[in-house]
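So the chains spell out like this:
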Amino acid sequence: MTKLMLIIFIVAFFPIPMFSQAAAPNGWNDPFPPHKVMDNFYYVGTKELASFLIVTPEGNILMNSNYESSVPLIRTSVEKLGFKFSDIKILIAGHAHPDHVEGDAMVKSLTGAQVVVGRLDEAATRAFRPGGKEHPIDRLVDEGDTVTLGGTTLTAHVMPGHTKGCLAWTLDLKENGKTYHALVECSLNGQFLQSLDNYPGILDDFRATYKKARTLPAELWVSSHASFYGLAEKYAKLEKRGPGDPNPFVDPQGYLAHVDQFEKTFEAAVVRRGQR
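The model shown is predicted, which means the values in this text are computed figures rather than measured ones. (Residues numbered from 1 in each chain as written. Predicted model: local features only at pLDDT ≥ 70, side-chain atom pairs only at ≥ 80, totals over all residues. Heavy atoms only, no water.)

A. The arrangement of the packing of aromatic side chains in detail. With the rule as written, the count across this model stands at 12 aromatic pairs. Measuring from centroid to centroid gives 5.2 Å for Phe32 and Tyr235, while their planes differ by 65°, and the two rings are edge-to-face. With Phe32 in the loop between helix 1 (3-13) and strand 1 (35-38) and Tyr235 in helix 7 (residues 231-240), this residue pair connects regions lying 203 residues apart in the sequence. The structure contains a cluster of three or more aromatic residues connected by ring pairs, namely Phe32, Phe41, Tyr43, Phe52 and Tyr235. (Phe/Tyr/Trp six-rings, centres within 6.5 Å; stacked < 30°, edge-to-face > 60°. Helix = DSSP H or I, 4+ residues; strand = E, 2+ residues; numbered from the N terminus.)

So this is what it looks like as structure tokens:
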């Protein structure tokens, strides 16, 4: 089993207590160097759990709070980059799994940020209540809705399957006088269907999502898990990047290969279940 396959397996089968604090799988919450990806877009997540900070003149946007135990690590990363955690004005959720939204209440209490969640994932998101705390949700978004702060606009794209309301986000980033279409992917992982919420229509949703994924502008792309977009390898290239070298996160062909890989593992899972 490859490293990526092992991570996908853990994502699918790791037990998730709904009303108590979940423990991160071994190594997932290890620190990872915070870094600028491009323009005003920064990585502030852990070794495996991706979180992103978008910095604007009117305050900052955080994408993905991850586990509650991840929040202090995210805060440290934000501060290492020279920003204030209290300047986070908006917290955006990707999808309703605890390794991405369990820390929402803690971030809300520390920053007062507006918590933005996809409408189709609202009920599932509210179910995560670490320590019995109510899950804060301040705004619900649908397909095509936007979140704007300080001149930066993100657009929501519903990509159902992994969860019913899985949200990807697009935005434009600039570097060296060029504008890049950037994608923050939700998750295309359908390899372990039996562990997901098998709602009516999930197979059709997954298949539609893979088709839609190929139409999204993704010159620069990242994902909800660091391993999904090869963060460790790309960061190593970023550290060695010289003047004139390409930004390693600009990887449109790698994105399409990623979609192909996850679609194949999903279809293999469907065959294993005797479905079509």
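Read on for the rest.
B. Region of interest: helix 2 (residues 71-80). The complete set of buried residues in helix 2 reads Val71, Ile74, Ser77 and Val78. One side of helix 2 holds all its buried residues, which, seen down the axis, span an arc of 120°. Tucked into the core, helix 2 has its buried residues touching strand 3 (52-56), strand 4 (59-63) and helix 4 (104-111). Once helix 2 ends, the next one or two residues include Gly82, with phi positive near 95°. (Buried < 20%, exposed > 50% of the residue type's maximum accessible area, 1.4 Å probe, protein only. Arc of directions from axis to C-beta. Contact = heavy atoms within 4.5 Å.)

C. Up close: helix 7. All buried positions along helix 7 are accounted for by Leu231, Lys234, Tyr235 and Leu238. Buried residues along helix 7 cover an arc of 100° about the axis, so they all sit on one side. The exposed residues of helix 7 that point more than 90 degrees off its buried face are Glu233, Lys237 and Lys240. Buried residues belonging to helix 7 abut strand 1, strand 2 (41-43) and strand 12 (220-222).

D. The arrangement of the sheet that holds strand 8 (residues 146-149) in detail. Judged by pairing direction, the sheet is mixed, and its 5 strands sit side by side in the order 8-9-10-11-12 without closing on themselves. Edge strands, defined here as strands with exactly one partner in the open sheet, are strand 8 and strand 12. Shown here is a sheet whose adjacent strand axes are inclined to one another by a mean of 25°, direction ignored. Here 3 bridges tie strand 11 (residues 178-184) to strand 12, and the two strands are oriented parallel to one another. Among the inter-strand pairings, Leu183 is bridged to a residue of strand 12, identified as Trp221. (Pairing = 2+ DSSP bridges. Axes fitted to C-alpha atoms, helices over the stretch in contact; angles between N-to-C directions.)

E. Focus on the nonpolar core. Formed by 56 residues in total, the largest nonpolar core has its most connected members in Phe41, Tyr43, Phe52, Ile92, Trp169 and Leu193. Ranked by the residues each element gives to this core, the list is headed by helix 8 (residues 252-272), at 6 residues. Ignoring anything within four residues of it in the chain, the contact list for Phe41 reads Lys36, Phe52, Leu53, Ile54, Leu171, Leu173, Val184 and Val222. Listed in part, the 20 residues of the second largest apolar core include Ile88, Ala96, Val101 and Val107. (Core = buried A, V, L, I, M, F, W, Y, C linked by side-chain atoms within 4.5 Å.)

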